[in-house]
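Overview (structure and organization)
Chain by chain, the residues run as shown.
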Amino acid sequence: FVDAEQGNDGNDGSQKQPRKTIQHAIPRLQPGQTLYLRGGTFYEHVDVVVSGEAGKPITVRSFPGELAVIDGGLREFHD
């Protein structure tokens, strides 16, 4: 789990202790796992450096009922 607002990259990435950035969470994914992004906008560039296996894809998706947006631009331009 990743939560841009309430997460911390020192957390374990569980639902109760989400990480803050996608880029910190991606390298820790294993084949067959799903990375859930909590609702909000993530202002970061994401390099996907892992891959799944046949029948065990790695999935990145919004948390059910929420909308997560990955915006590679600078947050300063949005604000």
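Quick look at the overall build of the protein now. Summing up its helical and strand segments, the protein has 2 helices and 4 strands in all. For a compact globule of 79 residues, the expected C-alpha radius of gyration is about 12 Å, and the protein comes in at 12 Å, within 12% of that figure. Its C-alpha atoms give the protein principal-axis dimensions of roughly 40 × 25 × 25 Å. Across the 79 residues that make up the protein, the buried fraction comes to 20%.

Glancing now at the confidence of the model for the protein. For the protein, the mean per-residue pLDDT works out to 93, and 96% of the residues sit at or above 70. Taken element by element, the protein is modelled with least confidence in helix H2 (residues 75-78), mean pLDDT 69, and with most confidence in strand S1 (residues 34-37), mean pLDDT 98.

Take the nonpolar core next. Within the largest apolar cluster, 9 residues are counted, these being Val-2, Ile-22, Ala-25, Ile-26, Leu-29, Leu-35, Leu-37, Phe-42 and Ala-68. For this core, the secondary structure elements donating two or more residues are helix H1 (22-25) and S1. Setting aside residues no more than four positions away along its own chain, Ile-22 makes contact with Val-2, Leu-35, Leu-37, Phe-42, Glu-44, Val-46 and Ile-70.

On to the side chain of Arg-19. Position of Arg-19 among the secondary structure elements: in the segment before H1. Comment: no salt bridge for buried Arg-19; closest opposite-charge side chain is Asp-9, at 6.0 Å. In this structure the side chain of Arg-19 is engaged in a polar contact, spanning 2.7 Å, whose partner is the backbone oxygen of Asn-11. In terms of polar contacts, Arg-19 uses its side chain to reach the backbone carbonyl oxygen of Asp-12, at 3.4 Å. With sequence-adjacent residues up to four places away left out, Arg-19 is seen in contact with Phe-1, Val-2, Asp-3, Gly-7, Asn-8, Asp-9, Asn-11, Asp-12, Gly-13, His-24, Ala-25 and Arg-28.

Moving on: the side chain of Glu-44. Tracing the chain through its elements places Glu-44 in the loop between strand S2 (40-43) and strand S3 (59-62). Notably, Glu-44 is buried but unbridged: the nearest opposite-charge side chain belongs to Lys-20, and the N-O separation is 8.7 Å. A polar contact is formed between the side chain of Glu-44 and the backbone nitrogen of Gln-23, at a distance of 2.9 Å. If we skip the residues at most four places from it in the chain, Glu-44 touches Thr-21, Ile-22, Gln-23, Ile-70, Asp-71 and Gly-72.

With that settled, the discussion passes to the pattern of salt bridges. Think of it this way: side chains of opposite charge can pair up when their charged atoms draw near. A complete count under the given rule lists 1 salt bridge for this structure. Between Arg-38 and Glu-66 there is a salt bridge, with the nearest N and O atoms lying 2.5 Å from each other. A residue pair is termed long-range when its members are at least 10 positions apart, and Arg-38 in the loop between S1 and S2 and Glu-66 in the loop between S3 and strand S4 (68-71) qualify at 28 residues. Looking at Glu-66, the relative accessible area reads 28%, which means it is partly exposed.

Cut-offs used in this document
Residues numbered from 1 in each chain as written. Predicted model: local features only at pLDDT ≥ 70, side-chain atom pairs only at ≥ 80, totals over all residues. Heavy atoms only, no water. Helix = DSSP H or I, 4+ residues; strand = E, 2+ residues; numbered from the N terminus. Rg over C-alpha atoms; globule rule 2.2 N^0.38 Å. Buried < 20%, exposed > 50% of the residue type's maximum accessible area, 1.4 Å probe, protein only. pLDDT = per-residue confidence, 0-100. Core = buried A, V, L, I, M, F, W, Y, C linked by side-chain atoms within 4.5 Å. Contact = heavy atoms within 4.5 Å. Lys, Arg positive; Asp, Glu negative; His and termini not counted. Salt bridge = Lys/Arg side-chain N within 4 Å of Asp/Glu carboxyl O. Polar contact = N/O pair within 3.5 Å; in protein donor to acceptor, adjacent residues only side chain to side chain.

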